[in-house]
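# Remarks on the overall topology
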Amino acid sequence: MPGKLDTDGGDGSFPMWELRVEGRLLEDLNKQTPQADASRPAPEPPKSRRKFSSFFRSLVIELDRGLYGPDNHLVEWHRSATTSETDGFQVKRIGEQNVKCVIMLMLEYTPPHYKLDMRLAKLLGTTVGTKANIFNHLWIYIKRNKLQDPEHPEWINLDNPLAIIFGVNRFRMQETAQRLQSLLYPPDPIVIHHLITVDNSEGRKMACYDVDVDVDDPAKPHMTSFFQGVSQTQEIQAMDNKIFETVENINQLRINREFFTSFSEDPQKFIARWIQSQSTDLKIMTDVVGIPEAERRAEHYQGDWSKEAIHRYFFNKIQQRRTELEHLLNIK
């Protein structure tokens, strides 16, 4: 971030300073350049270098409000659909004294990154990431703490820290993305406090800052060209179908094995449990009210609840008859 002061006032101009914000990717300085070898193929030509602005979504420079007033102290740049990339940003202002400024850089993430709620970030051990990455960390936490309902796997039983964060004790698996949305925020900008010095005796001054940015995966172009092949795509689709069928067969064989293993360990108990399970399923499917099998036996009606039910029945009948008589008397 160099800054310099232009004090050439011979033509009546005012002293001005200039601030440039620019940067480049740091290469491995320890990497040695390989010597030329006739037996080896020529190295590939270097790829086009990404320009400085391509790493950022927006840049805001806030100058000293006391020096430049409320209407001239902000310099803003925001990415748009028609943005042309540049290697740096330049700011010029009239002035001959040192200026404090704050430079805020918002990184451009592809895919978008989000900042987690502080409470959830401490719990999952991650602060910023993509939605897929955050969901993966949450799923690891759920599996590690065995929060998935064993009888109904589509439900998540939250422990005390998660219940406080989400405000519920349990929710369905498919609701995870929706409930996470309220806990995701835009990432914090990179904030640099810089002093623009205009002491002309030392010439142009430089200040360097290290900023971590995401770079393109070098294997991505090769992967793109690979997946664009029609024949290769069809082959991959066929392999996916075969994998799916194999997994389904494995799951079915696992169910069969568990069925016969349970039967071999205790046949009587297994059959009783199986009949009870089938009866419950039939009841759910046919919307049957009560317990039909128990209601077929006389001892079902010899409990205390039966006597109470009889008393309630006659009490309701008496109340109904009393209401009818009072109604008739009032009419007469």
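Scroll up to find the structure.
Residues numbered from 1 in each chain as written. Predicted model: local features only at pLDDT ≥ 70, side-chain atom pairs only at ≥ 80, totals over all residues. Heavy atoms only, no water.

## Comments concerning the pattern of salt bridges
- By the definition in use, this model includes ten salt bridges.
- The partner of Glu-175 in a salt bridge is Arg-179, and the shortest N-O contact between them spans 3.2 Å.
- By relative accessible area, which is 22% here, Glu-175 ends up partly exposed. (Salt bridge = Lys/Arg side-chain N within 4 Å of Asp/Glu carboxyl O. Buried < 20%, exposed > 50% of the residue type's maximum accessible area, 1.4 Å probe, protein only.)

## Brief notes about unusual backbone geometry
- Here Thr-110 and Pro-111 are connected by a cis peptide whose omega angle stands at 0°.
- Looking at the secondary structure, you find Pro-111 in the loop between strand S6 (99–107) and strand S7 (114–116).
- Positive phi values are uncommon outside glycine, yet Lys-146 reaches one of about 55°.
- Mapped onto the fold, Lys-146 is located in the loop between helix H3 (131–144) and strand S9 (155–157). (Helix = DSSP H or I, 4+ residues; strand = E, 2+ residues; numbered from the N terminus.)

## A word on the pairing of S6
- Counting buried residues in S6 gives seven out of nine residues, a clear majority hidden from the surface.
- For strand S3 (residues 56–63) and S6, the ladder comprises seven bridges, and the chain directions are antiparallel. Residue pairing for S6: Glu-62 is matched across the bridge by Val-102.
- As paired strands, S6 and strand S12 (residues 190–196) are joined by seven bridges and run antiparallel to one another. Residue pairing across strands places Val-102 opposite His-193, the latter belonging to S12. (Pairing = 2+ DSSP bridges.)

## Side note on the sheet that holds S6
- The strand order S4-S3-S6-S12 describes an open sheet built from four strands, whose pairing is antiparallel. Both edges of this open sheet fall to strand S4 (74–78) and S12, since each of them pairs with a single strand only. Between one strand and the next, the sheet's axes are offset by a mean angle of 15°, whatever the strand orientation. (Axes fitted to C-alpha atoms, helices over the stretch in contact; angles between N-to-C directions.)

## A word on the nonpolar core
- Judged by nonpolar contacts, the single largest core of 21 residues is most densely connected at Trp-17, Ile-61 and Leu-63.
- Among the elements of the structure, strand S2 (16–22), S3, strand S5 (88–94), S6 and S12 are those that each provide at least two residues to this core.
- Of all the elements, S6 adds the most residues to this core, at five residues.
- Within the second largest apolar cluster, 19 residues are counted, among which are Ala-121, Ile-142, Ile-165 and Phe-166. (Core = buried A, V, L, I, M, F, W, Y, C linked by side-chain atoms within 4.5 Å.)

## Overview of the side chain of Ser-54
- By the element assignment, Ser-54 lies in the loop between S2 and S3.
- Residue class for Ser-54 comes out buried when judged on its relative accessible area of 15%.
- If we skip the residues at most four places from it in the chain, Ser-54 touches Arg-79, Glu-85 and Glu-108. (Contact = heavy atoms within 4.5 Å.)

## Structural notes on the sheet that holds S7
- Reading across from one edge, S8-S7-S11 is the order of the three strands in this open sheet, with antiparallel pairing throughout. Each of the sheet's edge strands pairs with one partner strand only, and the pair in question is strand S8 (128–129) and strand S11 (184–185).
- Taken together, the two bridges between S7 and S8 define a ladder with antiparallel strand orientation. Bridge pairing in S8 links Tyr-114 to Gly-129.

## Re the environment of Gln-148
- Within the secondary structure, Gln-148 is located in the loop between H3 and S9.
- Looking at Gln-148, the relative accessible area reads 23%, which means it is partly exposed.
- In this structure the C-alpha to C-alpha distance between Gln-148 and Arg-170, which are 22 residues apart in sequence, comes to 9.6 Å.
- Not counting the four nearest positions on each side in its chain, Gln-148 is found in contact with Trp-139, Ile-142, Lys-143, Pro-153, Trp-155, Ile-156 and Met-173.
- A polar contact is formed between the side chain of Gln-148 and the backbone oxygen of Pro-153, at a distance of 2.8 Å. (Polar contact = N/O pair within 3.5 Å; in protein donor to acceptor, adjacent residues only side chain to side chain.)

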